[in-house]
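# Structural features, examined
Now for the letters of each chain:
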Amino acid sequence: MSIKKALTIAGSDSGGGAGIQADLKTFQELGAYGMSAITAVTAQNTLGVHGVYPVSIEGIVKQIDAIGEDLGTDALKTGMLFSSEVIEAVSERIHHYGWQNVVVDPVMIAKGGAKLLQDEAVRAMKEKLIPLTAVITPNIPEAEVLTDMKIHSIDDRREASKILVDMGAKSVVIKGGHADDKEVIDLFYDGGSFEELVSPRIDTSHTHGTGCTFSAAITAQLANGLSMKDAVITAKEFIRAAIEDELGIGGGHGPTNHWAYNKRGGPS
Ligand SMILES: Nc1ncnc2c1ncn2[C@@H]1O[C@H](COP(=O)(O)OP(=O)(O)OP(=O)(O)O)[C@@H](O)[C@H]1O
Ligand SMILES: Cc1ncc(CO)c(N)n1
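Residues numbered from 1 in each chain as written. Chains lettered and ligands numbered in written order. Predicted model: local features only at pLDDT ≥ 70, side-chain atom pairs only at ≥ 80, totals over all residues. Heavy atoms only, no water.

### Some details on the environment of E142
If you trace the backbone, E142 turns up in helix α5 (residues 140-147). Look at E142 and you get buried, because its relative accessible area is 6%. The contacts of E142, once residues within four sequence positions are left out, are D105, P106, V107, M108 and T137. In terms of polar contacts, E142 uses its side chain to reach the backbone amide nitrogen of M108, at 3.3 Å. (Helix = DSSP H or I, 4+ residues; strand = E, 2+ residues; numbered from the N terminus. Buried < 20%, exposed > 50% of the residue type's maximum accessible area, 1.4 Å probe, protein only. Contact = heavy atoms within 4.5 Å. Polar contact = N/O pair within 3.5 Å; in protein donor to acceptor, adjacent residues only side chain to side chain.)

### Description of helix α6 (residues 154-166)
Taking 1.5 Å of rise per residue, 13 residues should cover 18 Å, and α6 covers 19 Å from first to last C-alpha, within 8% of that figure. Among the residues of α6, those classed as buried are I154, D156, R157, A160, S161 and L164. Considered in projection along α6, the buried side chains sweep an arc of 145 degrees and stay on one side of the axis. Facing away from the buried side of α6, by more than 90 degrees, are the exposed residues D155 and D166. (Expected span 1.5 Å × (residues − 1). Arc of directions from axis to C-beta.)

### A word on the site of ligand 1
Inspection of the region around ligand 1 gives 19 residues, with K111, K175, H178, D186 and G211 positioned closest. Within the contact set of ligand 1, an oxygen atom lies 2.9 Å away from a side-chain nitrogen or oxygen of N139. A distance of 2.9 Å is found between a nitrogen atom of ligand 1 and a backbone nitrogen or oxygen belonging to I202. For ligand 1, the accessible surface in isolation is 630 Å², of which the surrounding protein chains cover 93%. Per-element accounting of the shell around ligand 1 gives the leading share, four residues, to helix α7 (residues 210-223). Of the residues belonging to the shell around ligand 1, the class tally is seven nonpolar, seven polar and five charged. (Near = heavy atom within 4 Å. Areas by Shrake-Rupley, 256 points an atom, 1.4 Å probe, with all protein chains shown as cover. Nonpolar A, V, L, I, M, F, W, Y, C, P; charged D, E, K, R; others polar.)

This is the structure in structure tokens:
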């Protein structure tokens, strides 16, 4: 058996619930060999982001090249990219290595309100990164910024998904964590048809890093050779288990439980 490899290009969360830490834990749980290129170090815990310390462009490119020139990867995800310079450099390297299974979590704002992407970087994301993307996984506010439209209904989300595919993404998941529906609906669009992934809304404040974990689970399953739709379905099951089995640590928005999916025996 050859081990499948997954790379995350994202920020570090010292609190361990989001960012690189959530991604590597998720890769490990889903049986993919995890690698990372860190774009920024955050001083962060369940109470909020207390500092952001960007890594230089040279430092980011060196990390990606260290992987590209030796190990390679079967899939990758991007998380916190912070600036247009980082987006441009990362997009250029992805293109250079011809990496295909590219999952973009267009991280903009942390749950506590801290900015993880500068406003001027949205344009670079649209022009440079989205065209390289196998799937983009915005939450509703991120989808609104990227498409320049207000999203209230599922029909609005369908329209926004089509706009993102027109920008060059091969498929889209607009996540429903921020909606106020009784159930959480994640809308998947592959450029041809839509699929609503529905689960009960769990009443908890421990949702720190849900988006990172969800996109990391898609990445691991793409590395493992699953189709995009099956990878997204696993990710939904993985994050549902991780939120349901809360760890109850920290004084604020606590992290999810990355062990939960396997503790329940894996795929349902
Ligand atoms: N209260 C909840 N109950 C069940 N599932 C949830 C809940 N909140 C989020 N999810 C799930 O978690 C995933 C991430 O959704 P969300 O919209 O919260 O992303 P996000 O805002 O990008 O997360 P992050 O806090 O990491 O930025 C989705 O698959 C969504 O269905
Ligand atoms: C480093 C990092 N990336 C992403 C998020 C979004 O959850 C966060 N809070 N921190």
